[in-house]
Amino acid sequence: MPLKQLRRDGLRTLGSRELELVQLLDERVSVADGLIVSMSTARPAERLETAIRTALDESPLVTVRALLPEGIAAEQFERRAAHAVDFEDQDADLSAKVVRLVKELEAPELAFALGSSGAAVRMVVAPRDKGSFGWAASVEPLRSNPDEVSVWGVASPAAPWLVERRSGRIVTHGEGLQPRLVEQAADLADRAQLALGRPVKIEWIVSGGKVSVLSVRSVRLAPTFMSSVLRRVDLMGCDEGTMAPLTLDTMERAFRAPESRTRGTPFRTIYGRPYRSIPRNQRVGRRRRWRSGVREGVAFSRLATRASTLRQQAKAYGKQSQQRLQALHASYLASARREETALALLSDIQGVVADGFFLLFGFGDLSVAAVSMLERAGITISAPEAEVLVSPRAVRSRRQLHARMVHCTREWALAGSNAELREWPLADPQQWREIRQSLRNARPLGVDVRVPAFGDSDESLIEAFGLLSSWDPSTRERTRRDTIARLRVSHRARLGSPMRQVRVGMLLAILKEIGLARGVVGEALSRALLAFRQQALDVGARLVNRVELDQPSDVFYLRVSELRDLAAGTPGTYASRIRSRREDDRRWRNYRAPRRLGR
């Protein structure tokens, strides 16, 4: 089958590697103009030889490549075997080379990688120009620097070229390739990452002077490019994914609060997520004993005092944030509805959201300090256990919301509806409208301003019902209780003195209260974020009417200061900023960012 004729209607017969090539074709990424040959048919060697001779009629040089699955065993096979074999039209032993290649597919290593025989493999037969063959990684693989793309040829893998992603400028010259070819291959790798939504390593060839993808594979990263140690900012969840520039601008505003001067340096945005420097005394995972009981007691007293203060601030924010929002909207309605007023209201609502972020930053630091103190007391805590201990606890309104949605699904089932979830809006439009109306002011816990309310649209409500079991508050609370009980039982003999046992119990209780306070702030913050989102879209609609933006959602990819400049008519490359930031979001959206960077 010609490679460029692959389509999604053949999903049942295509493997994962072929589907990746289909995704690249759908995104108009240049893919090699070759043939795919299945080895599962009768007389595979003859079929492969026929495809090779057909390709040799178009070009004097043909590369044959095995599309192997992801996995360490498959990579070992690729390094050991002649997985990419060249055939020339003057080869006298072409048939013998094909037979040897087919026998390579019967290697035990490959059978282990596939979980079956090598007959399940598909081969790509592609014509190419001489001396034009190599690899490119969308993220520099040795140090995992997201700002650099790495390109290297088959003859010089130890001397890669490094290309700056934004400018396309070569920052490190390698060997064996022409600079123009390096730039084209780097652009191809970056576009492949955008299409697939994760860092990738592509195998590229040049055929007829055009650089194309021959195969693609995920790349495993070891992020060590930072000189200092940074920790990913986790305000409400373990990894909430990429965040809109408008959200990041609000985080920076929280850092600019007068009380935040002693809270460390602002964060850096890497992989589309915020990271902060790790203080030396807050490096979770490096267990250290206390040198004296006096020092341990003083640190615990400070932690308990800080926790009590933050809990009180959380309660006050939960009560006052809605009142502040109502007062802001009342003052806005009493004034002229001009763009300057709309931007002023957006900035004021951002201040309410920033206050919530500031509290969540404090709870994050407090949680890390509490977990570190537990480790110093002799308790070993794994990363999943630490995430459970510090996760926010659902407040009553969140539990009631979950119960109401579960009740809706049960009522739907009892009514005898066999329609799938995506057919609900058409199956009973009246009930669906009532459900949407009741959920217009509720949204998932999180900090990104782009996240809509459950009842914002049919799509958002369908997604909420589909993910209903994943945010079940009762299940999360049971997991928290089981984790605390397991830690107490498994480490009771190691704690030594009864005083230390009591202190560890109090630390676990403090973590539990921190989780509840984070839930209170998160619930109030979700309402503030809905107001922030609505006002931002209002500003975006005004700028669309002025033909300054293409769509209202573009406003999420600009900071408030940039929106002021845009509204005032200040010259700037706003369209290119929005486009590049959207691309960054696509590039890193499906990437699970590491918890820590640097060494």
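Residues numbered from 1 in each chain as written. Predicted model: local features only at pLDDT ≥ 70, side-chain atom pairs only at ≥ 80, totals over all residues. Heavy atoms only, no water.

### Some remarks on the environment of H173
In this structure, H173 sits in the loop between β8 (170-172) and α6 (179-196). Assessed through its relative accessible area of 57%, H173 is described here as exposed. It is 6.8 Å that separates the C-alpha atoms of H173 and L162, two residues lying eleven residues apart in sequence. (Helix = DSSP H or I, 4+ residues; strand = E, 2+ residues; numbered from the N terminus. Buried < 20%, exposed > 50% of the residue type's maximum accessible area, 1.4 Å probe, protein only.)

### Thoughts on the sheet that holds β8
Each strand in a sheet pairs with another by means of backbone hydrogen bonds, the pair being arranged parallel or else antiparallel. With antiparallel pairing, six strands are arranged side by side in an open sheet as β8-β7-β6-β5-β9-β10. Only two strands of the sheet have a single neighbouring strand rather than two, namely β8 and β10 (210-218). Here the strands of the sheet are splayed against their neighbours by 30° on average, with no regard to which way each runs. Examined bridge by bridge, strand β5 (residues 133-137) and strand β9 (residues 200-207) share five bridges and lie antiparallel to one another. The partner of A136 across the bridge, within β9, is I202. Across the sheet, α6 is in contact with β5, β6 (148-153), β7 (161-164), β8, β9 and β10; its angle to β9 comes to roughly 135°. (Pairing = 2+ DSSP bridges. Axes fitted to C-alpha atoms, helices over the stretch in contact; angles between N-to-C directions. Contact = heavy atoms within 4.5 Å.)

### Concerning the nonpolar core
Residues M251, F357 and V447 are the most contacted members of the largest nonpolar core, which totals 78 residues. Counting only elements with at least two residues in this core, the list comes to α7 (245-255), α8 (293-333), α9 (339-376), α10 (383-390), α15 (473-490), α16 (498-545), α17 (560-567) and α18 (574-588). Residue contributions to this core peak at 20 residues, all from α9. Those residues in contact with V447 that lie beyond four places of it in its chain are L235, M236, E240, M243, T247, M251, F357, L360, L525 and L529. (Core = buried A, V, L, I, M, F, W, Y, C linked by side-chain atoms within 4.5 Å.)

### Focus on the sheet that holds strand β11 (residues 230-232)
Strand order in this open sheet of four strands is β12-β13-β11-β14, and the pairing throughout is antiparallel. The two strands at the open ends of the sheet, each matched to only one other strand, are β12 (268-270) and β14 (596-597). As paired elements, β11 and β14 share two bridges and run antiparallel to each other. For R231, the partnering residue across the bridge sits in β14 and is R596.

### Here's the deal with unusual backbone geometry
Note: most residues except glycine have negative phi, and most peptide bonds are trans. The backbone of R28 sits at a positive phi, close to 60°, despite the residue not being glycine. By the element assignment, R28 lies in the loop between α1 (16-26) and β1 (35-38). With a phi angle near 55°, Y271 is a residue other than glycine that sits in the positive phi range. Topologically, Y271 is positioned in the loop between β12 and β13 (273-277). Taking relative accessible area as the criterion, Y271 reaches 2% and is therefore assigned buried.

### Considerations on the packing of aromatic side chains
All told, the structure shown has seven aromatic pairs when counted by the stated rule. Here the aromatic rings of Y271 and W588 are separated by 4.9 Å at their centres, their planes lie at 70°, and the arrangement is edge-to-face. Of the two residues, Y271 is situated in the loop between β12 and β13 and W588 in helix α18; the sequence distance between them amounts to 317 residues. Neither Y271 nor W588 differs from the other in exposure class; each is buried. A ring pair is formed by W588 and Y591, whose centres lie 5.4 Å apart and whose planes are at 55°; its orientation type is tilted. W588 sits in the buried class, given a relative accessible area of 4%. Here the aromatic cluster, defined as three or more aromatic residues joined through ring pairs, consists of F255, F267 and F361. Taking NZ or CZ as reference, K97 lies 4.8 Å from the ring centre of F87, over its face. The aromatic ring of W135 is capped on one face by K201, whose charged end is 4.8 Å from the ring centroid. (Phe/Tyr/Trp six-rings, centres within 6.5 Å; stacked < 30°, edge-to-face > 60°. Lys NZ or Arg CZ within 6 Å of the ring centre and 35° of its normal.)

### Considering the side chain of S212
Relative to the helices and strands, S212 resides in strand β10. Looking at S212, the relative accessible area reads 6%, which means it is buried. In this structure the side chain of S212 is engaged in a polar contact, spanning 2.9 Å, whose partner is the side chain of S30. The residues touching S212, leaving out its near neighbours within four places in the chain, are S30, V31, A32, L188, E203, W204 and I205. (Polar contact = N/O pair within 3.5 Å; in protein donor to acceptor, adjacent residues only side chain to side chain.)

No statement about biological role is implied by the geometric values presented.
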